[in-house]
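Next come the chains, spelled out residue by residue.
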Amino acid sequence: MNIIHVSAECYPIAKVGGLADVVGALPKYQNQLGVRSSVIMPFYDNKFTKSNSFTNTYAAKLQLGDTTYNYKILTLDNNTLGFDLFLVDVPELLFKDYVYSFDDTDRFLAFQIAVLDWILQLKEKPTIVHCHDHHTGLIPFMMPHSHDYDKLKDIPTVLTIHNAQYQGWFSHDNVYKIPPFDFDKVGLLDWSHTINPLAAAIKCAWKVTTVSPSYMEELKTAANGLESLLSHESAKCIGILNGIDTNVWNPETDDFIIKTYTEKTIESGRKANKKWLCDEFDLDAEKPLFAFIGRLVGEKGADLLPQIFEEALQKYDISILLLGSGSEDIQNHLRSLEDKYIGNYSAFIGYDEKLSHIIYAGADFLLMPSRVEPCGLNQMYALRYGTVPIVNKIGGLKDTVVDITENGFGICHEEVSVKSVVKAIERAIEFYKDTQNFKKNRKLISQIDHSWNASAKQYITLYESLI
Ligand code: ADP
Ligand code: GLC
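Residues numbered from 1 in each chain as written. Chains lettered and ligands numbered in written order. Predicted model: local features only at pLDDT ≥ 70, side-chain atom pairs only at ≥ 80, totals over all residues. Heavy atoms only, no water.

Visitor: An account of the pairing of strand β12 (residues 289-296) is needed here, citing residue identities and associated values.
Guide: With 6 of 8 residues buried, β12 lies mostly within the body of the structure. For the crossover that starts at β12, traverses helix α9 (residues 305-315) and ends in the parallel strand β13 (residues 319-326), the hand is right-handed. Alignment of β12 against strand β15 (residues 365-368), held across 2 bridges, turns out to be parallel. Residue A291 lies in a different strand from β15, and its bridge partner there is L366. (Buried < 20%, exposed > 50% of the residue type's maximum accessible area, 1.4 Å probe, protein only. Helix = DSSP H or I, 4+ residues; strand = E, 2+ residues; numbered from the N terminus. Right-handed = clockwise from strand over helix to strand, strands pointing away. Pairing = 2+ DSSP bridges.)

Visitor: Before we move on, can you summarise the site of ligand 1 with the specific residues and values?
Guide: What surrounds ligand 1 is a group of 20 residues, the closest being K15, G18, D21, R295 and K300. Between ligand 1 and the protein, one listed contact pairs an oxygen atom with a side-chain N or O atom of R295 at 2.8 Å. Between ligand 1 and G350, the relevant distance is 2.8 Å, taken from a nitrogen atom to a main-chain nitrogen or oxygen of the residue. Within the complex, the protein chains bury 93% of what would otherwise be the 560 Å² of accessible surface of ligand 1. When contributions to the shell around ligand 1 are tallied by element, the ones reaching two or more residues are α1 (18-32), β12, β13, α11 (353-362) and α12 (378-385). (Near = heavy atom within 4 Å. Polar contact = N/O pair within 3.5 Å; in protein donor to acceptor, adjacent residues only side chain to side chain. Areas by Shrake-Rupley, 256 points an atom, 1.4 Å probe, with all protein chains shown as cover.)

Visitor: Can you explain the packing of aromatic side chains? Please cite residues and give values.
Guide: Here the structure, examined in full by the defined rule, presents 21 aromatic pairs. Their ring planes at 80 degrees and their centres at 6.3 Å tell us that W249 and Y385 sit as a pair that is edge-to-face. With W249 in the loop between β11 (237-239) and α8 (266-280) and Y385 in helix α12, this residue pair connects regions lying 136 residues apart in the sequence. For Y385, a relative accessible area of 0% corresponds to the buried category. Taking 6.5 Å as the distance between ring centres and 45 degrees as the angle between the ring planes, the aromatic pair formed by Y360 and Y385 counts as tilted. (Phe/Tyr/Trp six-rings, centres within 6.5 Å; stacked < 30°, edge-to-face > 60°.)

Visitor: Before we move on, can you summarise α12 with the specific residues and values?
Guide: When you tally the buried positions in α12, you get 8 out of 8 residues, the bulk of the element. G386, located one to two residues past α12, shows a positive phi value of around 90 degrees.

Visitor: Break down the site of ligand 2 for me, with residues and values.
Guide: Near ligand 2, the surroundings consist of 13 residues, among which H162, N242, E373, C375 and G376 are the closest. E373 is positioned such that a nitrogen or oxygen atom in its side chain is 2.5 Å from an oxygen atom of ligand 2. Computed on the free molecule, ligand 2 has an accessible area of 310 Å², of which 93% lies beneath the protein chains in the complex. Of all the elements, α1 adds the most residues to the shell around ligand 2, at 3 residues. Residue classes in the shell around ligand 2 are distributed as 6 nonpolar, 5 polar and 2 charged. Split by domain, the shell around ligand 2 shows at least three residues from each of two domains, domain 1 (2-243 + 452-466) and domain 2 (266-446). (Nonpolar A, V, L, I, M, F, W, Y, C, P; charged D, E, K, R; others polar. Domains from an automatic or database assignment.)

Visitor: Explain the nonpolar core to me, and be specific about the residues and the numbers.
Guide: Judged by nonpolar contacts, the single largest core of 89 residues is most densely connected at F290, F309 and I425. Of the residues forming this core, the biggest block, 8 residues, is contributed by helix α14 (residues 418-433). Other than its neighbours up to four places away in sequence, I425 contacts F290, I308, A312, Y316, I318 and L367. Of all hydrophobic cores here, the second largest spans 62 residues; its members include V6, V39, F86 and A114. (Core = buried A, V, L, I, M, F, W, Y, C linked by side-chain atoms within 4.5 Å. Contact = heavy atoms within 4.5 Å.)

Visitor: Could you give an account of unusual backbone geometry, with specific residues and numbers?
Guide: Geometrically, the link from Y11 to P12 is a cis peptide bond, its omega value of 5 degrees lying close to zero. Along the chain, P12 falls in the loop between β1 (2-6) and α1. Not every positive phi belongs to a glycine, and S192 is a case in point at roughly 55 degrees. Its location among the elements puts S192 in the loop between β8 (190-191) and β9 (194-195). Classification of S192 by relative accessible area gives exposed; the value is 55%. With phi around 55 degrees, D282 is a residue other than glycine that occupies positive phi space. Relative to the assigned elements, D282 resides in the loop between α8 and β12.

Visitor: Give a description of the environment of Q436 that names residues and reports values.
Guide: As for its placement among the helices and strands, Q436 is situated in helix α15 (residues 435-446). For Q436, a relative accessible area of 60% gives the class exposed. Residues Q436 and Q447, spaced 11 residues apart in sequence, show a C-alpha to C-alpha distance of 17 Å.

Visitor: Provide a residue-level description of the side chain of E373, including the pertinent values.
Guide: Note on placement: E373 falls in the loop between β15 and α12. Polar contacts involving the side chain of E373 include one to the side chain of K300, which spans 2.9 Å. Look past the residues within four positions of E373 in its chain and what remains in contact with it is K300, M368, I394, G395, G396 and L397.

Visitor: Tell me about the sheet that holds β13, residues and numbers included.
Guide: Judged by pairing direction, the sheet is parallel, and its 6 strands sit side by side in the order β14-β13-β12-β15-β16-β17 without closing on themselves. The outermost strands of the open sheet, each flanked by one partner alone, are β14 (345-349) and β17 (411-413). For this sheet, the mean angle separating the axes of adjacent strands, direction not counted, is 15 degrees. (Axes fitted to C-alpha atoms, helices over the stretch in contact; angles between N-to-C directions.)

Listed below in structure tokens is the structure:
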């Protein structure tokens, strides 16, 4: 079996969020399980591409509407990723210092055309083409319906929906940019009078997965307009919980953290990481440390964070540290609190992979008041490092965190409101004060197995059902 994952992100090459972590880990685990699994993604202008060397393995031209672009397929030299990596270099469109921006329609359409043109000339065709999110959502349509790809029509496609909020909509005025197909099939591309790549992929992919079983269920009633489509296609849909890459996310070997630790040395190791964080951000290491890491958007409940933090800081003697970036408004609001709560609160606005690891290793609690969370990886990283997650009970959070009142190990709340999150913080403080149990719980959560082993096997079973 030879699987090609097609994605806009892949850790460590280019990461915006969890999609990168998944695509950087799942193929590695699949290779370990004896399935050849590789990744094809755009060649961006970023730190990774600047600091590595690549070999040009193929060059051709692609047609995007009236415009012709030269492109190359590059491979990574000295590849130690654990899977083969192919990069699509379309200098004018993809080689940018960002992953997503205003011009995504042309960029990702060109990417998908290049991927299929390249597959077309491969001697050994993939057994399955596995597409991730809407940026690759036209592939399941083009393979069976665009005349150019007639030879690929019998290759099964799988779509994984990491987030149904974003669908890649574009106007019918641009439909001519999709390689020619029988126009009576245009309905497959359409949803509510717009070209909708995610909807097209849901209709055309042989199987559709989402990144947790609960999210799959939730999509039937909340999918940003695609509810009826997902209900209609439910027979080919399945929720498979993401895993985490336990080689990258391993407190015993993690190069990013201040002090590594094992199950036995968890207390001293975590103490060193917490101390570093508190020194660096002017916080008191004696108080329970609550953290947030993530995109500052409504989906993550980030709009409520300023109010949650204010109320919690006024009521309780705690420290709060935030790492995130996103909406300007939220960023400004979060920054403005710093002067008011000197010594108790700090916000690092930006993206910092190293700092995120130290926070997982040093904070006592991780807040995730997400309104939508298809899976969420942060809570699983937190658990592995011994940090207690405080989560809203939805999507993947519901599938991975059990409340302490239900013989569990985390703190769950039932809705996203200032009141319920502050109440959850209060329960967390009580738990923290129960030192012996709190420490016991730390050890316990760090041993929960969320590695990809089980889920990678589930994907393989799914592939096998298609061939
Ligand atoms: P999403 O993909 O919706 O953003 P996930 O929980 O699946 O959410 O994954 C988020 C990933 O991005 C995690 O690896 C998390 O540590 C990382 N991350 C998010 N924001 C930041 C940030 N500001 N700095 C460093 N890492 C971040
Ligand atoms: C998306 C989701 C997140 C999930 C990630 C990886 O970004 O928002 O919940 O963990 O994809 O599948």
